[in-house]
Amino acid sequence: MRLVQHLAWILLVSGVAIVYYTVFRVAQLPKEEEPICKSSEEVSVKLSKYSCTAISKRITAMSLKKKIDEKILMRDAGAMLKCPWHEDKTKTKHYRSVMKQCCNASDWLIVTKENTPLGRNIIYETQKHKKINVTMEMFERFPKMSPLPRKLVKSCAVVGNSAILSGSCCGREIDQNDFVIRFNAPPLLNYTNDAGKKVHLVTVNPSILSQRFHNLNHGRKAFGVMMQPYGDALILMPVFSFTGNTEVSFKVQYTLEDFGLASKMVSFHPVYLQKLAQHWKTKGLKVHRLSSGFMLVSAALELCDTITLYGFWPFSTDWKGNKLRYHYYDKIMPNKAVHSMPKEFLIYSQMHIDGALRLHAGQCF
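Here, residues in each chain are numbered from 1, in the same order as that chain's written sequence. Owing to the predicted nature of the model, reporting of local features is limited to residues with pLDDT of at least 70; listing and counting of side-chain atom pairs is limited to 80 or more, with chain, interface and lining totals taken over all residues. Water and hydrogen atoms play no part in the side-chain values, which are based on all heavy atoms of the structure.

(A) Looking closely at the state of the cysteines. When two cysteine sulfur atoms are found within 2.5 Å, that pair is recorded as a disulfide. Tallied over the entire structure, the rule returns 4 disulfides. Here Cys-156 pairs with Cys-304 through a disulfide, and the sulfurs are 2.0 Å apart. On the S-S bond that ties Cys-156 to Cys-304, the torsion sits near -85°, and the link is left-handed. Here Cys-156, found in strand S3 (residues 153-159), pairs with Cys-304, found in strand S8 (residues 304-310); they are 148 residues apart in sequence, far enough to count as distant. Accessibility expressed as a relative area gives 3% for Cys-304, which makes it buried. In this model, Cys-170 is linked to Cys-364 through a disulfide, with the two sulfur atoms separated by 1.9 Å. Linking Cys-170 and Cys-364, the disulfide has an S-S dihedral of approximately 85° and is accordingly described as right-handed. Taken together, the positions of Cys-170 in the loop between S3 and helix H7 (171-175) and Cys-364 in the segment after strand S9 (358-360) put the pair 194 residues apart, joining distant regions of the chain. Classification of residues uses two cut-offs on accessible area relative to the type maximum, computed with a 1.4 Å probe and protein chains only: under 20% is buried, over 50% is exposed, and between them is partly exposed. For Cys-170, a relative accessible area of 0% gives the class buried. Helix numbers and strand numbers start at the N terminus; a helix is a DSSP run of H or I with at least 4 residues, a strand a run of E with at least 2.

Given below as structure tokens:
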């Protein structure tokens, strides 16, 4: 009897030990990190073929010559983005041909030794009564030929800075593109899930240098730190758009070199920007000045086979009525007096309907 009790006690203790060891080991196993970007439980609304056709017709019928009702455009654009998108290679080739004949970004988007010889006078884009002579020092700073890809790029992402990107989880999709364009040197490191980190070309507005880096008279180190994540990207600046831009823009180039950064500063060619503005004016787009986003979307139409726009949403709310900040990386709210660009967005929407580019707003999963 005692033997049986003893065996039973041994079995009980052994069982408890096994259970404890199993629980303990499981607790010690590394936990799988929860993905930051996980599938949404919300069921996306699919519009019928007839509804999508009606929406497309309404947007296509909107005229640049009339005052655009932003609420109607936002409503219809939000509905449009729920419809299937179909690429139209015929339309893509048409836009590419038109932009090539009009402006020729391949040769004229960027100032080079080839298109701007030594001793030539450069006439400023917005101040046509002002000009500057190309000195030897300036000429040596120009690239010999355009650093843009010479062959048609298979896929391009043009990434705007709208807060419509927040929570989108589009970073991975953006980085899968062969060529990525960004604007006004947005921070890269803390927003990769939504906006990605790849960049080949980025604009820098001289106003940023004035507001944040004392025109690079001071703050050069801080500017260098900001530009370090951009690697060997081209820094595109409007050097010859306004007379006040020229000196500080060349300081960017000197700063990049002094800090051993791989990025190169290049300049928009004023001739290209003038031709581009005139082209779109004939299409009904009459604005004080094209945005840098529209300038480079226009260039991408010529340089890229497939184009997707991310972060282009000029409205203060999304299509559900949720308020949006102006940028995905700061808390600034939109200023309609300065930043309202519904006419440009209407053109993007019409190109999306044509199948010449894809306008993406919302989540990427």
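(B) Structural detail: helix H4 (residues 89-102). Spanning 14 residues, H4 covers 20 Å between terminal C-alpha atoms, matching the ideal 20 Å at 1.5 Å per step. Every buried residue belonging to H4 is among Thr-92, Tyr-95, Arg-96, Met-99 and Cys-102, and all of these are buried. When H4 is viewed along its axis, its buried side chains cluster within an angular range of 135° and face the same direction. Of the exposed residues in H4, the ones pointing more than 90 degrees away from its buried face are Thr-90, Lys-93 and Gln-101. As for H4, its buried residues are in contact with helix H12 (270-282), helix H13 (292-303), S8 and helix H15 (342-354). Two N or O atoms form a polar contact when they lie within 3.5 Å of each other; inside protein one atom must be a possible hydrogen donor and the other a possible acceptor, and for residues adjacent in sequence the pair counts only when both atoms belong to side chains. Its side-chain oxygen 3.0 Å from the backbone nitrogen of Thr-90, Asp-88 forms the N-cap of H4. Just past H4, the residue Asn-104 takes up positive phi, approximately 55°. Expected helix span is given by 1.5 Å per residue-to-residue step, counting one fewer step than there are residues. Relevant arc is that of directions from the helix axis to the C-beta atoms, nothing else. Any two residues having at least one pair of non-hydrogen atoms within 4.5 Å are treated as being in contact.

(C) Molecular detail of the confidence of the model for the chain. Predictor confidence is given residue by residue as pLDDT, running from a minimum of 0 to a maximum of 100. Overall, the prediction assigns the chain a mean pLDDT of 88, with 85% of residues at 70 or greater. A low-confidence stretch, residues 16-35 (pLDDT under 50), is modelled with 0 contacts involving residues beyond four sequence positions or located in other chains. The model gives residues 39-44 a pLDDT under 50, and that stretch makes 4 contacts with residues more than four places away or in other chains.

(D) Broad picture of the packing of H4 against H13. In this analysis an axis means a line fitted to C-alpha atoms, helices contributing only their contacting stretch, and an angle means the value between N-to-C directions, from 0 to 180 degrees. Running from N to C, H4 and H13 point in directions that differ by 110°, and their axes come no closer than 7 Å. Looking at the two axes, H4 sits roughly perpendicular to H13. Between H4 and H13 lies a crossing whose hand is left-handed. On H13, the residues that touch Tyr-95, Arg-96, Met-99 and Lys-100 of H4 are Ser-298, Leu-301 and Glu-302. Angular relationships are summarised with four words: roughly parallel below 35 degrees, roughly antiparallel beyond 145, roughly perpendicular across 65 to 115, and oblique for the angles in between. Put simply, a crossing is left-handed when the front helix is turned counterclockwise from the back one by less than a right angle, and right-handed when it is turned clockwise.

(E) Highlighting the side chain of Arg-96. Here Arg-96 is to be found in helix H4. The exposure class of Arg-96 is buried, given its relative accessible area of 16%. Within the local environment of Arg-96, its side chain forms a polar contact with the side chain of Asp-305, the two groups lying 3.4 Å apart. Filtering out sequence-adjacent residues up to four positions away, Arg-96 remains in contact with Leu-152, Leu-301, Glu-302, Cys-304 and Asp-305.

(F) Summary view of H15. Between the first and last C-alpha of H15 there are 18 Å, a value that for 13 residues agrees with the 18 Å anticipated at 1.5 Å per step. The buried fraction of H15 amounts to 10 of the 13 residues, a majority that puts the element mostly inside the structure. Inspection of H15 places Pro-342, Glu-344, Phe-345, Leu-346, Ile-347, Tyr-348, Ser-349, Gln-350, Met-351 and His-352 among the buried residues, and these make up the whole buried set. Where H15 terminates, the next one or two residues include Gly-355, which has phi positive at roughly 85°.

(G) Spatial organisation of the nonpolar core. Here the nonpolar core consists of buried residues drawn from Ala, Val, Leu, Ile, Met, Phe, Trp, Tyr and Cys, with membership extended through side-chain atoms lying within 4.5 Å. Counting 61 residues, the largest nonpolar core has Leu-109, Val-158, Trp-280, Leu-296, Leu-309 and Trp-313 as the members making the most contacts within it. Among the elements that line this core, the one with the most residues is H13, at 8 residues. Once residues lying within four places of it in the same chain are set aside, the contact partners of Trp-280 are Met-99, Leu-285, Leu-290, Phe-294, Ser-298, Ile-347 and Met-351. Counting residues in each nonpolar core, the second largest holds 32 residues, with Leu-209, Val-252, Leu-256 and Met-265 among its members.

(H) Here's a closer look at the pairing of S3. Counting buried positions along S3 yields 6 of 7 residues, so the element is predominantly enclosed. At least two bridges found by DSSP between two strands are what make those strands a pair. Both S3 and S8 contribute to a ladder of 6 bridges, which runs parallel. Looking at S8, one finds that Ala-157 is bridged to Thr-308.

(I) Summary view of the environment of Met-351. Here Met-351 shows up in helix H15. C-alpha separation for the pair Met-351 and Lys-91, spaced 260 residues apart in sequence, amounts to 8.8 Å. If we skip the residues at most four places from it in the chain, Met-351 touches Tyr-95, Trp-280, Leu-301, Ala-356 and Leu-357.

(J) View of unusual backbone geometry. We note that Asn-104 has phi near 55°; this positive angle belongs to a residue other than glycine. A positive phi angle, near 50°, is found at His-214, a position not held by glycine. As for its placement among the helices and strands, His-214 is situated in the loop between helix H9 (206-213) and helix H10 (220-227).

(K) Inspection of the packing of aromatic side chains at higher detail. Two rings from Phe, Tyr or Trp (for Trp, the six-membered ring) form a pair when their centres are within 6.5 Å of each other. A pair whose planes differ by under 30 degrees is stacked, one over 60 is edge-to-face, and the rest are tilted. Scanning the model with the defined rule gives 15 aromatic pairs in all. Both rings, one in Phe-213 and one in Phe-223, keep their centres 5.5 Å apart while their planes meet at 80°; by these two values the pair is edge-to-face. Placement of the pair is Phe-213 in helix H9 and Phe-223 in helix H10, with a sequence separation of 10 residues. Summarising the aromatic geometry, the rings of Phe-312 and Tyr-348 are spaced 5.3 Å apart at their centres and angled 85° between planes, so their arrangement reads as edge-to-face. With Phe-312 in the loop between S8 and helix H14 (336-339) and Tyr-348 in helix H15, this pair connects stretches of sequence that are 36 residues apart. If you follow Lys-113 out to its NZ or CZ, it ends over the ring of Phe-139, 5.4 Å from the centre. Charges are assigned to positions over rings by a cutoff of 6 Å between ring centre and Lys NZ or Arg CZ, combined with an angular limit of 35 degrees from the ring normal.

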